[in-house]
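Spelled out, the chains give:
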Amino acid sequence: MKSFPPYRVQVVKEIPITTRQEREEALARAGYNMFDLPANMVTIDLLTDSGTGAVSAAQEAGAAAADRSYAGSDSWFRFKSALEDLTSFPHLFPVHQGRAAERILFSTALKPGQISLSNTHFDTTRANVELAGAQARDLPCPEAADLDSRDPFKGNIDLGALEETLSGPDGSRVGQVLITITNNGGGGQPVSMANLKAVRALCDRFGVPFFLDAARFAENSWLITQREEGYAGKTPKEVAQETFALADGFVASLKKDAIAPMGAAIGVRDENLAKQCEAILIATEGFRTYGGLGGHDLERVAQGLREVVDPNYLRNRAEETAHFARLINEAGVDIVQPAGVHGLYLNAGRLLQHMPPHGFPGHALACELYLAGGIRCAELGSLYLGTFDDEHNLITPAPFELVRLAIPRRTYTLAHLEYVADVLATIAKNPESVPEYRVTHAPQLLRHFNLKLRQVS
Ligand SMILES: *Cc1c(COP(=O)(O)O)cnc(C)c1O
């Protein structure tokens, strides 16, 4: 039987409809940088699934009744109890978003000169590891390098490489192992429970703390129930509890799987570490019972955490993404296989084979989606990951030229996704007509947010 969303639409927001000419002008004004496009010029916004989910009536009811007390508000206790329902961490802290959680945890858990090992560090995660004076090293499993492989858990860390590093000459410098679930930087692929358990065992053997970057804990749990032996009979909530129980601590942006516009959390077991995190939290974010969030944010998170583990919701969301993936494949465009849940990663390098990496095929496809259909999405290719010389020429291309279509939670209908697939099909019929791009301005720091480019006609 086909699944359907376990909710109906009660409040809607109009989306802008624009002409091709208006889009051409808007994109040129933005210097061909998607982050500089005003949202009122975007029809379907697939730039991110962060903070873009539709809130429920129950979330808004909680927000309306929120308690804004500075210390010990009712809203804080509801936030804490929702997290305690999923995790078993004795110390939980609210923060305003994921990167603040990273900054606080890593600046206490990591010492300068140490190494953080991960399946893949997300970009802000890597930045915060480096700001703590440590080095971020990614050890994705080998299957992740084959975009077409349908291996069910391509988000796994390479256990062999992890053991080798921990027992090798750099072993004593490893300050943490951080597993990102699902692996956002690695195609949105899930991590298996077997892999998480093996990481736990290795961390025990070598005395290294094991943390989770758990922004998409519910989607990872859902994929475990669907793909891993022995988990078919478990609920996503049970799998989430089992996942969190394995770790020494976590950071989580709650703008993803808490379906909240704003919010994040830190959880740790170690009392001493908790004390240090709390001191930085209070000094830089807010008191320990609100951490930079308003009572309404705490309430939306508390309710969102209950809604997100509903198997009917997760089943339908995963099926919509899988359906979207099939439409895209029928349109003649390859994606990173197998389809995950929160987004699809288009293989732009393969679609635009005629284009050299220094023409930025991923960015070119993203621009074309906007110009042809008002669809906004982000490049994950040489523009984002490549290295450049001082004249903005590409020196080392990224291994793959990808484009991420992130799918906001509960926000778009299947008809919207079908429209996106239609626009892609039109582009795929005539890929040679897609123009190249050149970088005209690129700052050293946070390059992809602040780039300027020009079209080569
Ligand atoms: C979004 C995200 C973050 C950062 O969270 P923000 O709330 O955007 O600051 C960290 N890690 C992963 C895996 C994410 O997806």
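Residues numbered from 1 in each chain as written. Predicted model: local features only at pLDDT ≥ 70, side-chain atom pairs only at ≥ 80, totals over all residues. Heavy atoms only, no water.

1. Examining the site of the ligand
As a matter of local geometry, the ligand sits amid 14 residues, with Gly98, Arg99, Asp213, Ser253 and Lys256 nearest to it. For the ligand, whose free accessible area comes to 370 Å², the fraction covered by protein is 97%. Residue assignment for the shell around the ligand shows that the elements contributing at least two residues are α4 (98–109) and α5 (123–131). Per-element accounting of the shell around the ligand gives the leading share, three residues, to α4. A per-class count over the shell around the ligand returns one nonpolar, seven polar and six charged. (Near = heavy atom within 4 Å. Areas by Shrake-Rupley, 256 points an atom, 1.4 Å probe, with all protein chains shown as cover. Helix = DSSP H or I, 4+ residues; strand = E, 2+ residues; numbered from the N terminus. Nonpolar A, V, L, I, M, F, W, Y, C, P; charged D, E, K, R; others polar.)

2. Regarding the sheet that holds strand β14 (residues 402–406)
The pairing of strands in a sheet comes from backbone hydrogen bonds and takes either a parallel or an antiparallel form. With respect to topology, three strands assemble into an open sheet ordered β9-β14-β11, the strand pairing being antiparallel. The sheet is open, and its two edges are formed by β9 (343–347) and β11 (378–380), each paired on a single side. Between one strand axis and the next, the sheet turns through 35° on average, direction left out of account. Pairing geometry for β11 and β14, over three bridges, is antiparallel. Of the residues in β14, the one forming a bridge with Leu380 is Leu402. Strands β9 and β14 of the sheet are contacted by helix α12 (residues 311–330), whose axis makes an angle of about 20° with β9. Sheet strands touched by helix α14 (residues 361–373): β9, β11 and β14. Its angle to β14, the strand with the most contacts, is close to 40°. (Pairing = 2+ DSSP bridges. Axes fitted to C-alpha atoms, helices over the stretch in contact; angles between N-to-C directions. Contact = heavy atoms within 4.5 Å.)

3. Description of the packing of aromatic side chains
Enumeration according to the criterion identifies 10 aromatic pairs in this entry. For the ring pair Phe89 and Phe244, a centre distance of 6.4 Å and an interplane angle of 85° mean the geometry is edge-to-face. Note that Phe89 is positioned in the loop between α3 (74–86) and β2 (91–95) and Phe244 in helix α9 (residues 236–246), a separation of 155 residues in sequence. Both residues of the pair, Phe89 and Phe244, count as buried. With 5.6 Å between their ring centres and 50° between their planes, Phe217 and Phe244 make a pair best called tilted. Of this pair, Phe217 sits in helix α8 (residues 217–227) while Phe244 sits in helix α9, and the two are 27 residues apart along the sequence. Exposure class is identical for Phe217 and Phe244. Each is buried. Three or more aromatic residues joined by ring pairs make a cluster, and in this case those are Phe89, Phe217, Phe244 and Phe250. For the cation-ring pair, Lys256 lies above Phe122, with the distance from its terminal atom to the ring centre recorded as 5.5 Å. Sitting over the ring of Phe89, Arg269 keeps its end group 4.2 Å from the ring centre. (Phe/Tyr/Trp six-rings, centres within 6.5 Å; stacked < 30°, edge-to-face > 60°. Buried < 20%, exposed > 50% of the residue type's maximum accessible area, 1.4 Å probe, protein only. Lys NZ or Arg CZ within 6 Å of the ring centre and 35° of its normal.)

4. A few points about the domain arrangement of the protein
For the protein, the assigned domains are domain 1 (20–49 + 310–456) and domain 2 (57–307). Computed from C-alpha coordinates alone, the two centres of domain 1 and domain 2 are separated by 27 Å. Listed by partner, the interface residues are 26 residues for domain 1 and 27 residues for domain 2. Both sides together, the interface formed by domain 1 and domain 2 hides about 2,400 Å², and carbon and sulfur atoms give 53% of it. (Domains from an automatic or database assignment. Buried area = accessible area lost by both parts, 1.4 Å probe.)

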